[in-house]
Amino acid sequence: MAKLSCVEQTQLILARLMEGGQEDDDTCRELDGLTKLLNDDVEDKNKEQSICEVIDDVCVDTILGYLDMRQADSVRGHAVLTASAYLKAAGDNANEALRTFFFDRVKRGTYDDYIVAFCVAAAVFPIAPDMTADMFLSEGFLPSLDSLMRRKWKSRKVETACLEMLNAASMNAQCREAIQKYCTDWLEEVVDQDPDELAKAIHSADPDVHVTEGSIAMRRHSEAVQNLAAVILAKLRAVPSSAQQTAEGSESRIQQATTSIEDLSHMFSSMLLKDPESGKRHSVEGLAYATIQPVVKEEVARNEELLKTLVKILGDAPPKSPLTYGALSVFMNLTRYQPTQSEEEKKMAQLKAYANAAGKLGPGNPLNDHDHVSERCKRVFEAGIVPVLVTHSRHGSIASLNLIVSIISALSVTISIRGQLAQQGAVNLLIAAFTAASVSGTEAQTTRTAAQALARILISTNPALVFGGTRARPQNSAIRPLISIIPPDPAAETRDLLPTFEALMALTNLASTDDDTRATIINNGWSEIEEQLLSSNHLVSKAAVELICNLVQCVEGVALYAADNPQAANRLHILLALADAEDEGTRSAAGGALASLTAYEAVVTGIVKRKRGVEVVLGLCGEENEDLRHRGAFIVYNMVACEGEPGKMARKEMREKNGVEVLKECAKSSRRAEVVEVTIQALKVLLEQD
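Residues numbered from 1 in each chain as written. Predicted model: local features only at pLDDT ≥ 70, side-chain atom pairs only at ≥ 80, totals over all residues. Heavy atoms only, no water.

J.: Teacher, can you tell me more about the overall build of the chain here?
T.: Counting secondary structure elements, the chain contains 40 helices and zero strands. Classification of the 690 residues of the chain by burial places 49% in the buried group. Summarising the internal contacts of the chain: among those between residues at least 6 apart in sequence, 71% fall at separations of at least 24. Looking at the chain as shown, the accessible area adds up to about 33,400 Å², and 50% of this sits on carbon and sulfur atoms. (Helix = DSSP H or I, 4+ residues; strand = E, 2+ residues; numbered from the N terminus. Buried < 20%, exposed > 50% of the residue type's maximum accessible area, 1.4 Å probe, protein only. Contact = heavy atoms within 4.5 Å. Areas by Shrake-Rupley, 256 points an atom, 1.4 Å probe, with all protein chains shown as cover.)

Written out as structure tokens, the structure is:
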């Protein structure tokens, strides 16, 4: 084979494929060989002859014939890759060959020809959507399906192939409008067919007739066909066409009764509960679209048995499969919170809604409000979704990982289950997802979502329980994701401060553990943390000061304030300003940081030399809050008890600023022994003569 030219190898493979009768593995191997030759043909710019020149209409018939639903799934999978490679290599010639193949088969009008034509269209649609949509929308094609699907004698395979084609086409907006126009009536008939009516009629006429589901004798659509038709209707209902929206806005037009999205969701749910293994892919796909609607979300979430069935289906589904993606989409829809909007965004949304509704402006659906979504998240969590998501995250595609991260993120909003999320592996999942999305470089939103969900969980969880013991993932692995969301999202039009706040809170929790963690936070994110000290939002500013209060417990943190340079002096100036801020929590955190830092002479000197530095410290001693007075008294004691020149300067400045009276008043107004004790100690030192 290696001695043959590419053209000769192609001819040999095509001859074997035309001959047929091989084992499935051998057929797959031949298809893979042809796929490689076609891909190499595209890459080779110096070829004397393209192998596409020897692929005529008969060869195209052979290749596309392997997309037939009656072929083994493995063969069809390999044939899709071959067809894709051929369309890429042959370009316009391939497009024309595909059109010819499709319409020749449809024109012949036999059941076999219909099956192959529809299967090819369904398989090629995701590969070449524009070209296939153009073929699908050809004049007269869609209206012709009406008579085919309404034939007295049914062919389950023809109907299934036709509906698979419509299902694939309904992902395209133009095709969806055309299906809505030409196919809705008979799709409704398929879905609404009474499965028992015809059977009873036949049985009453001849009791000896044995009737089986889908048999020609029954002259009815099989349950699988009904389910697939329902999926297509669900897509039409979930994503309305422009024609539908126009009709809905017209009061004068009388609408005929249609199968509602709720009816369709009941059908999918019943199918899954009755027989989860039969037709589950289409039922799950249907629910993935139906659960876009709030009323369906609520019904599915309240059905405990259905939720557990969906979790089991997801657990058993192979990674990177349509079933996996469909099940994840259902859970994504159930747990999705409405995005937060600024006042300006709310006004713009209202104006847009007003314009679209021709003067009618209605309120948002209450089933999408925070309380309803939170309740749905709890129910999904209780169904046991998290361990299944953890398993799928290890082997799934990037698209699946995006959905998994979004689901975990939504669950993490509920404070009461954060500890359990950590126990069940959500922290490791999110750190791994952040790393994978960062490496890909194309999933910026996923990295931010994963980091924010991680922050929420670590705010409410003891780090020792998540990272301690024999666990393989070190605590420091969480630091980089958290630091990444402190700055604003560069892709967002308006700044959302919540990720910044949650990241600072989570880092504060981590920084309470050990010096190694504190040093890592400083080395990787100090500039971002320091920037938040002057945030216009007092909650963010307070969170940043609280983090610094923990960071200055290590040598690296102290060095940032005690070094003999202008930067350290400026940092100390900001910290003193925050100790005099309006917000009590900010003053408390800044006081805690100063209580640690004043153990060092350089910091004591810096406070004394800073204008109003001593006054700010004494101001803490006069606070109504006893915790703040405790911090103030401790800082004063550290300063006046300092040895050498810094201590002498501090004592002199304290006396001049009426420090003795302030401390006496602090001691009188305090009730806790530890506050009184440190105040008296500071007062004794201050009253002694230098």
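Structure's up, so let's keep going.
J.: Help me out: how do you make sense of the packing of helix α35 (residues 601–609) against helix α38 (residues 644–656) in this one?
T.: Helix-helix packing: each pair is described by the crossing angle between the helix axes and the interaxial distance. Contact geometry for α35 and α38: axes closest at 9 Å, N-to-C directions at 35°. In this structure, α35 meets α38 at a crossing whose hand is left-handed. Between α35 and α38, the residues in contact are Glu601, Val604, Thr605, Val608 and Lys609 and Pro646, Met649, Ala650 and Glu653, respectively. Tallied by class, residues from the contact of α35 with α38 come to five nonpolar, one polar and three charged. (Axes fitted to C-alpha atoms, helices over the stretch in contact; angles between N-to-C directions. Left-handed = near helix turned anticlockwise from the far one by under 90°. Nonpolar A, V, L, I, M, F, W, Y, C, P; charged D, E, K, R; others polar.)

J.: Sorry, what's going on with the pattern of salt bridges here?
T.: Considering all chains together, one arrives at 31 salt bridges under this definition. Close ionic contact of Asp134 with Arg99 constitutes a salt bridge, the shortest N to O distance being 3.3 Å. Residue Asp134 is located in helix α7 (residues 129–136), and its partner Arg99 is located in helix α5 (residues 92–108); the two are separated by 35 residues in the primary sequence. Here Glu661 ties to Lys664 by a salt bridge, and the two come within 3.9 Å at their closest N and O atoms. One end of the pair is Glu661 and the other is Lys664, both in helix α39 (residues 659–669) and three residues apart, which spans about a single turn. (Salt bridge = Lys/Arg side-chain N within 4 Å of Asp/Glu carboxyl O.)

J.: Is there a simple way to think about the environment of Ser374 in this case?
T.: Along the chain, the position of Ser374 falls in helix α21 (residues 370–382). Among the residues examined, Ser374 registers a relative accessible area of 13% and is labelled buried. For the pair Ser374 and Thr414, spaced 40 residues apart in the sequence, the C-alpha separation amounts to 6.7 Å. For Ser374, the residues in contact, after removing those within four places along its chain, are Tyr337 and Thr414.

J.: Could you clarify how one ought to interpret the packing of aromatic side chains in this entry?
T.: Two measures describe an aromatic ring pair: the distance that separates the ring centres and the angle between the ring planes. Inspection of every chain in the model, using the stated rule, returns seven aromatic pairs. Ring plane angle 85° and centroid distance 5.2 Å describe the contact between Phe102 and Phe103, whose orientation is recorded as edge-to-face. Taking the relative accessible area as the measure of exposure, Phe102 reaches 2% and is therefore buried. You can call Phe103 partly exposed: its relative accessible area is 25%. Note on Phe102 and Phe141: the rings are 5.2 Å apart at their centroids and 70° apart in plane angle, and the pair reads as edge-to-face. Of this pair, Phe102 sits in helix α5 while Phe141 sits in helix α8 (residues 141–149), placing them 39 residues apart in sequence. What links up through ring pairs into an aromatic cluster is the set Phe102, Phe103, Tyr114, Phe118, Phe125, Phe136 and Phe141. (Phe/Tyr/Trp six-rings, centres within 6.5 Å; stacked < 30°, edge-to-face > 60°.)

J.: Sorry, what's going on with the confidence of the model for the chain here?
T.: Interpretation of this model should avoid reading the predicted coordinates in detail wherever pLDDT is low. Mean pLDDT over the chain works out to 86, with 89% of the residues at or above the 70 mark. Residue range residues 245–257 is modelled with pLDDT below 50. Its contacts to residues more than four positions away, or to other chains, number five contacts. (pLDDT = per-residue confidence, 0-100.)

J.: What should I look at first to understand unusual backbone geometry in this one?
T.: Both trends apply: most residues other than glycine have a negative phi, and most peptide bonds are in trans. A positive phi angle, near 60°, is found at Lys320, a position not held by glycine. With respect to the helices, strands and loops of the structure, Lys320 is situated in the loop between α18 (304–316) and α19 (322–335). When its relative accessible area of 60% is taken as the criterion, Lys320 is described as exposed. Residue Arg612 is not a glycine yet carries a positive backbone phi of 65°. Here Arg612 is to be found in the loop between α35 and α36 (613–621). A relative accessible area of 43% places Arg612 in the partly exposed class.

J.: I would appreciate a short explanation of the side chain of Thr160 in the present structure.
T.: If you trace the backbone, Thr160 turns up in helix α9 (residues 156–169). Within the structure, the side chain of Thr160 is placed 2.7 Å from the backbone oxygen of Arg156, a separation counted as a polar contact. (Polar contact = N/O pair within 3.5 Å; in protein donor to acceptor, adjacent residues only side chain to side chain.)

J.: It is not clear to me how the side chain of Ser329 should be interpreted in this structure. Could you clarify?
T.: Here Ser329 is to be found in helix α19. There is a polar contact of 2.8 Å between the side chain of Ser329 and the backbone oxygen of Tyr325.

J.: Help me out: how do you make sense of helix α11 (residues 184–192) in this one?
T.: Think of an α-helix as turning once every 3.6 residues; residues three or four places apart then point the same way. Among the residues of α11, Thr184, Trp186, Leu187, Glu188, Val190 and Val191 are the ones counted as buried. Tucked inside the fold, the buried residues of α11 contact α8, α9, α10 (173–182), α13 (223–238) and α15 (261–274).

J.: Looking at this structure, I do not really get the state of the cysteines. What am I missing?
T.: Simply put, the disulfide is a covalent bond whose two ends are the sulfur atoms of two cysteines. Overall, the coordinates contain zero disulfides when judged by the stated rule. Residue Cys183 stays outside any disulfide, its sulfur separated by 7.3 Å from that of Cys162, the closest cysteine. For Cys183, a relative accessible area of 0% gives the class buried. (Disulfide = S-S within 2.5 Å.)

J.: Can you walk me through α13 in this structure?
T.: Over its 16 residues, α13 extends 22 Å from the first C-alpha to the last, a length consistent with the 22 Å expected when each residue adds 1.5 Å. By the criterion of burial, α13 is predominantly enclosed, with 14 of the 16 residues buried. (Expected span 1.5 Å × (residues − 1).)

J.: I keep staring at the packing of α19 against α21 and nothing clicks. Help me out?
T.: As a packed pair, α19 and α21 sit with axes 8 Å apart at the nearest point and diverge in direction by 140°. Taken together, the axes of α19 and α21 are oblique relative to one another. Counted together, Phe331, Leu334 and Thr335 of α19 and Val373, Arg376, Cys377 and Val380 of α21 form the full contact between these two elements. For the contact of α19 with α21, the per-class residue count stands at five nonpolar, one polar and one charged. (Parallel < 35°, antiparallel > 145°, perpendicular 65-115°, else oblique.)

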